[in-house]
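# Reading the structure
One letter stands for each residue in the lines below.
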Amino acid sequence: MSAYLIPAADASFIDVPADHPFPIQHLPYGVFRPRTDAEPRVGVAIGDQVVDLAALANEGLFDHEALAPDVHPFRADTLNAFMALGQPAWRATRSTLHHLLREDTPTLRDNASLRTRVLHPQDDVSMLLPAAVGDYTDFYSSREHATNIGTMFRGPENALKPNWLHLPVGYHGRASSVIVSETPVHRPCGQRKPDDDAPPTYGASQLLDFELEMGFYVGTGNALGTPIRAADAESHIFGLSLVNDWSARDIQKWEYVPLGPFLGKSFATTVSPWITPLDALEPFRTDGPDQDPEPLDYLQPNDHANFDIKLEVQLQTPELDTPYTISQTNFNYMYWSMRQQLAHHTVNGCNVRPGDLMASGTISGPTEDSYGSMLELAWRGTKPIQLPDGSERSFLHDGDRVVMRGWAQGDGFRIGLGTVSGTVQPAQPLDA
Ligand code: MN
């Protein structure tokens, strides 16, 4: 089945500037409260408005046969029920919203009372975590990132481990600490061992970092024991979200042998409140990097499996008036595609479920200004990032704010992934 494409020439009766992240071609999903005392419900962003899908359903404006009326997927505090309905329901909903929001459809455009019931200014609502994330998996799929990290810790000759070019390396992350953008992040405490010749100590991480990643949410899952084929994998993907996989490098360095990341990662992972449907990104497909050696059959086909999405990271220290851009890169640099990640994740029969979050791993480009972590940008503290006020950073200080953005540039419109922001709060150490 082909993607539900909204033509570049289409416009909404809601005014959307050409560089706005949420034109009619986008229609990202989120969960919001219109007022602090109201029940959460599913919404879709267009311009600076949120469309209340529960209210639209109440007005009888959805084709309920496609949407399983007994499920009430929009009168919900997560998107999981809607995700579980599958691609035909997602596309039917996208088609209905496209029709209702077009400039030549009078239903909402000419009915002020109806508009009051179903449209809310984004400034007036609070956004919630969009899904109940049952499982969170983090991959390590940027060749540039893996090469940089390997070079720093093992030297350029042994930068990539022997498995890296044969499979998308990943680990099981922590779902309970996946948080929505703007949630404060406390500097974690734990064991660090800065001196090789001294025993470890307990305390606040001194090497707090971000990781710029793209995540995807599983829509429909698979039965235990039944792998998802690469050719079918994208029909299981509900949509994409930016991810900041906060990382405490000192805790990580001491703990990670031999089983991988643990407390250096599990204290917080920030996601966007908006999930971009895969169909909205269809015009931005591209081929990824050449894969050599040829991946095994179960990781094929992989044609046109990458997406041209520009990414940037901004840092705002307490002393800076405005955020300063410290990295610009692109999602199309990823060596292993989302399709391959999901095929690999399930090839052993592992079941994935609606709302599961799979993140790409840090997205680094080939140049020094396109790296997706401070560890790389400041090259392990040897080349601190220079800020416009003359100060510098190798890792995050308390009060520092990290802002991540991404967008695909279309012909006269832009698909902007929701912003992922977070500010570092002081550590909360155990009482002595
Ligand atoms: Mn990560």
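The structure we're discussing is the one just above.
Quick caveat: nothing in here was measured; it's all calculated off a predicted structure.

Thresholds applied
- Residues numbered from 1 in each chain as written.
- Predicted model: local features only at pLDDT ≥ 70, side-chain atom pairs only at ≥ 80, totals over all residues.
- Heavy atoms only, no water.
- Helix = DSSP H or I, 4+ residues; strand = E, 2+ residues; numbered from the N terminus.
- Contact = heavy atoms within 4.5 Å.
- Buried < 20%, exposed > 50% of the residue type's maximum accessible area, 1.4 Å probe, protein only.
- Pairing = 2+ DSSP bridges.
- Donors = N, O, S within 2.8 Å, 3.2 Å for Na, K, Ca; no water.

With that settled, the discussion passes to the side chain of Gln 341. Summarising the element assignment, Gln 341 is placed in helix α10 (residues 338-346). Setting aside residues up to four positions removed in sequence, Gln 341 forms contacts with Phe 139, Ser 141, Pro 168, Phe 216, Trp 336 and Ser 360.

Taking every second residue as pointing to the same face, both faces of strand β6 (residues 136-139) are buried, with Tyr 136 and Asp 138 on one and Thr 137 and Phe 139 on the other. With 3 bridges joining them, β6 and strand β22 (residues 357-359) adopt parallel strand pairing. Across the sheet, the residue bridging to Asp 138 is Ala 359, located in β22. Two strands pair when backbone bridges link them, and β6 and strand β7 (residues 170-172) are joined in this way by 3 bridges, in the antiparallel orientation.

Bringing the coordination of the manganese ion into the picture now. Around the manganese ion, the protein contributes the donor atoms Asp 138 (OD), Glu 211 (OE), Glu 213 (OE) and Asp 245 (OD), which lie 2.1 to 2.2 Å from the metal centre. Counting the intervening residues between successive donors of the manganese ion yields the motif D-x72-E-x1-E-x31-D.

A few words now on unusual backbone geometry. Cis geometry is adopted by the peptide bond preceding Pro 293, which originates at Asp 292 and carries an omega value of 10°. Among the secondary structure elements, Pro 293 is positioned in the loop between β18 (285-286) and β19 (306-307). Unlike most non-glycine residues, Glu 182 shows phi in positive territory, near 85°. With phi around 60°, Arg 380 is a residue other than glycine that occupies positive phi space. For Arg 380, a relative accessible area of 39% translates into the label partly exposed.

Now for the sheet that holds strand β25 (residues 401-409). The strand order β9-β26-β25-β20-β21 describes an open sheet built from 5 strands, whose pairing is mixed. Of all strands in the sheet, those with a lone pairing partner are β9 (185-186) and β21 (324-330), marking the two edges.

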